[in-house]
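What follows is each chain in one-letter form.
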Amino acid sequence: RPARRAGVLLSGLLHFAIAITPHPNSVPTFGVMCMVRMFHVMPHAWTATLREALAPPGDRRGLAIRAAGAALVAGSCGFTSTPGFTVDYAIPLQFALCLSAARAALHAAAAAAVSESPERRGPSALLRVVNALLVFVVFGYAFLSQPLGLMDIGAASPFASIRLHGGSNHLLMPTGLLQRWAGDDFSRSDLFGGGVVRVTRTDSAYLNALWPANCTGELRPRITSLLRDGRHIALQFNPTARRTLGPFLREHFMHRWRPESGAPFEAFTIPAFELRRTLEEVRQSREAFVIEYERLPGVVGDEAWRTAAWRSRVAYTEDGRGGRTCRA
């Protein structure tokens, strides 16, 4: 179907653009994981493409095409911008997959032109039901989960900078509707209640490796200059990457605020439920820590509300051995 071929091509274009985006916003491995799954969209066309790529060239034209493809894949190594890497091999792999996807789309189009017939039978009733169910699941994942507040981190939003708590910054769509419905009753222990808190200071190495995740120092000077020229605050934070990459990478390879640095602590807001959940992770590591936070009034507000409004202030301490003190 033309829609499938277009979807594969647009997916390849999107993920290659993400792959060559300068560090720290380059995620070529994400595109590789996406493109290998495109095999299931056009399996016969991908099989034909791989068979063709692995076969020896039959003439000079075939040899020239293979040589040009290899040169383009090798040239894509020059887009590597990750510190410490001479070549990020996920980038040429992603480009090779994109070239393969383009060739597979041509194979699929040629096969569709040959097989089209008025007598062609449509899908069975069971297959139509399964297809409709899959479309509904994908639609819900992509367009309903974040507006409802069922998901914070997902493949549909890594580069959107969508605000998912405290109000939406999307031009058309709301976010966190279930959190708004549940309100700011901090005593509630369900998935949606509790409102929003502003963490003003903590000495926990675990928490500081997660938030606020200021990665501005990894931006090229030219990029920060362009941001300031455009009246941007020229600051970037990447807590999503730290959460998804896991504790080892974020603790050993990502910058975090340290109490002994003398730099001011950058306050940040998170849902109260997320704070409770993450503190359970800290307890599993048996880390002694202090955290100070402020409960915000209500669950939605503007930037002044995020920055300065508060209903109560809390200082909470754990000694790593089960002892806890809390002062409000």
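Residues numbered from 1 in each chain as written. Predicted model: local features only at pLDDT ≥ 70, side-chain atom pairs only at ≥ 80, totals over all residues. Heavy atoms only, no water.

Caption draft 1: Representation of the packing of aromatic side chains within the structure. What the rule picks out here adds up to 8 aromatic pairs. For the pair Phe139 and Phe143, a centre-to-centre distance of 5.1 Å together with 40° between the ring planes defines the contact as tilted. Taken together, the residues Phe139 and Phe143, both in helix H6 (residues 125-148) and 4 residues apart, mark about one turn of the helix. Overall, Phe139 belongs to the partly exposed group, its relative accessible area being 43%. An angle of 50° between the planes, with centres 6.3 Å apart, marks the rings of Phe289 and Tyr316 as tilted. You can see Phe289 sitting in strand S3 (residues 289-295) and its partner Tyr316 sitting in strand S4 (residues 312-318), a full 27 residues away along the chain. Like Tyr316, Phe289 is buried. Taking the ring centre of Tyr206 as reference, the NZ or CZ of Arg250 above it sits at 5.3 Å. Just above the ring of Trp310 sits the side chain of Arg313; from NZ or CZ to the centre is 3.8 Å. (Phe/Tyr/Trp six-rings, centres within 6.5 Å; stacked < 30°, edge-to-face > 60°. Helix = DSSP H or I, 4+ residues; strand = E, 2+ residues; numbered from the N terminus. Buried < 20%, exposed > 50% of the residue type's maximum accessible area, 1.4 Å probe, protein only. Lys NZ or Arg CZ within 6 Å of the ring centre and 35° of its normal.)

Caption draft 2: Inspection of the side chain of Glu281 at higher detail. Secondary-structure assignment places Glu281 in helix H12 (residues 272-284). Excluding anything up to four places from it in sequence, Glu281 contacts Tyr206 and Arg243. (Contact = heavy atoms within 4.5 Å.)

Caption draft 3: Structural view of helix H4 (residues 60-75). The end-to-end C-alpha distance of H4 is 22 Å, a good match for the 22 Å that 16 residues give at a rise of 1.5 Å each. Along H4, the positions that sit buried rather than exposed are Gly62, Gly69 and Val73. The buried residues of H4 occupy an angular sector of 35° when projected down its axis, which confines them to one face. For H4, the exposed residues lying more than 90 degrees away from the buried face are Arg60, Arg61, Leu63 and Ala71. Where H4 starts, the residue carrying a side-chain oxygen 3.3 Å from the main-chain nitrogen of Arg61 turns out to be Asp59. (Expected span 1.5 Å × (residues − 1). Arc of directions from axis to C-beta. Polar contact = N/O pair within 3.5 Å; in protein donor to acceptor, adjacent residues only side chain to side chain.)

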